[in-house]
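Overview (structure and organization)
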Amino acid sequence: MGPTVITPDVVSSVFASRECGLLLGDAREVLRTLPHDSVDCTVTSPPYYSGRRHVGDTIHEIGSEKTVEEYVEALASVGREVWRVTRPTGSYWLNLDDKCERKEWLGIPWRVAFAMREIGWKIRSEVIWHKPGHVRNAAKDRLTPAHELFFHFVKSKDAYYDMDAIREPSSPPIWRKNGLVKAPGGSVPTDVWTIQIEDSTSPKNPYAVFPEALVELPIRATCPRGGTVLDPFVGSGTTASADSAQLLDKPRSIMPSR
Ligand SMILES: C[S@@+](CC[C@H](N)C(=O)[O-])C[C@H]1O[C@@H](n2cnc3c(N)ncnc32)[C@H](O)[C@@H]1O
């Protein structure tokens, strides 16, 4: 059986089903088939810039561009479509890593972030994802890289944000004879998240699966109950996993993949 062509009918049935749907194809092309203002929250991790192809001669593989400028433009073309499909109160969470060439960091995450600003996205948070014990560094003249960036972009200053869904206990609860007497309101999480990478994200694994914990806060905070989550680079499907779906009363997800 050949692949299903993504027609408006196919897209509407994905939205109507309120279940997780997988649309197969190049993110830039598949996103064009989605309706305007239909997504609440996008959480994604595009391929890193490597200048190399990983999956043969596929011409659309993002990350294989010859220059950083072309890579930034490829992510900008995805960012423009994500902007179009995102509701006015929506969010776009984008995980990006940098690359060091000839002993110089290229500054890729911020180059992409500024390209997003050109589109209209406002940078609400710059999260440092601290990855303990990630990379063994044999270099004699630079520090061991142990973080990636995770940008939270919003369409407007009135973007949906459920802070109570992500507060951290600020002090231990107090227990008395008749039970819990003080349930702390909780503090606002910081923008430095220490999250261990999954085994499958080892440098030997080209699919770079990201940890479920990385998806949790974005969905809890910025997708309303029953909302729609999008991942244009779904990979192994972390954003679409059962655990993610349960985070918010099963928000339905739609994901272009390849
Ligand atoms: C960093 S991985 C995403 C990993 C994902 N977050 C997970 O947890 O498995 C990036 C994915 O984007 C895919 N990809 C590369 N170019 C693409 C394109 N043009 N359209 C859609 N997906 C693409 C890669 O094959 C890879 O699966």
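Description of the structure in this document. (Residues numbered from 1 in each chain as written. Predicted model: local features only at pLDDT ≥ 70, side-chain atom pairs only at ≥ 80, totals over all residues.)

Concerning the overall build of the chain
Broken down by element type, the chain carries six helices and 12 strands. For the chain, the residues scored as buried account for 30% of the 258 residues in total. Within the chain, contacts between residues separated by at least 24 positions form 66% of all contacts whose residues are at least 6 apart in sequence. (Helix = DSSP H or I, 4+ residues; strand = E, 2+ residues; numbered from the N terminus. Buried ≥ 20, exposed ≤ 12 C-beta atoms within 10 Å, placed from the backbone. Contact = placed C-beta atoms within 7 Å.)

A short note on the pairing of strand β7 (residues 147–154)
In terms of burial, β7 is largely enclosed, as six of its eight residues are buried. Across six bridges, the pairing between strand β3 (residues 86–96) and β7 is antiparallel. Bridging across to β7, Y92 finds its partner in F153. Relative to β7, strand β6 (residues 122–130) runs antiparallel, the two being bridged by eight bridges. Across the sheet, E126 pairs through a bridge with F151, a residue of β7. (Pairing = 2+ DSSP bridges.)

Observations concerning helix α4 (residues 108–119)
Here α4 is 12 residues long and its end C-alpha atoms lie 17 Å apart, about the 16 Å a rise of 1.5 Å per residue gives. Every buried residue belonging to α4 is among V112, A113 and M116, and all of these are buried. All buried residues of α4 lie within an arc of 105 degrees about the axis, which places them on one face of the element. Turned more than 90 degrees away from the buried face of α4, the exposed residues are R117 and E118. Where α4 is buried, its residues touch α3 (68–85), β3, β6 and β7. (Expected span 1.5 Å × (residues − 1). Arc of directions from axis to C-beta.)

Quick word on the nonpolar core
With 45 residues, the main nonpolar core has L31 and F153 as its most contacted residues. Examining the composition of this core, we find that six residues originate from one element, α3, more than from any other. With near-sequence residues (within four places) excluded, L31 lies in contact with V78, E81, V82, V85, P232 and P256. (Core = buried A, V, L, I, M, F, W, Y, C linked by C-beta atoms within 7 Å.)

Looking at α3
Over its 18 residues, α3 extends 26 Å from the first C-alpha to the last, a length consistent with the 26 Å expected when each residue adds 1.5 Å. Within the sequence span of α3, burial applies to Y71, A74, L75, V78, G79, E81, V82 and V85. All buried residues of α3 fall inside an arc of 165 degrees around its axis, so they share one side. For α3, the secondary structure elements touched by its buried residues are α2 (27–31), β2 (39–44), β3 and α4.

Points about the pairing of β2
Burial analysis of β2 places six of its six residues in the buried class, which makes it a mostly covered element. As paired strands, β2 and β3 are joined by five bridges and run parallel to one another. Residue pairing for β3: V39 is matched across the bridge by T86. Inspection of the sheet shows β2 paired to strand β11 (residues 228–230) by two bridges, in the parallel sense. Note that in β11 the partner of C41 across the bridge is V229.

Structural notes on the packing of α3 against α4
Between α3 and α4, the shortest axis-to-axis distance is 9 Å and the interhelical angle comes to 40 degrees. Comparing their axes, α4 and α3 come out oblique. Read as a crossing pair, α3 and α4 show a hand that is right-handed. Contact residues: V68, V72, L75, A76, G79, R80 and W83 in α3; I108, R111, V112, A115, M116 and I119 in α4. Its residues placed into classes, the contact of α3 with α4 shows 10 nonpolar, one polar and two charged. (Axes fitted to C-alpha atoms, helices over the stretch in contact; angles between N-to-C directions. Parallel < 35°, antiparallel > 145°, perpendicular 65-115°, else oblique. Left-handed = near helix turned anticlockwise from the far one by under 90°. Nonpolar A, V, L, I, M, F, W, Y, C, P; charged D, E, K, R; others polar.)

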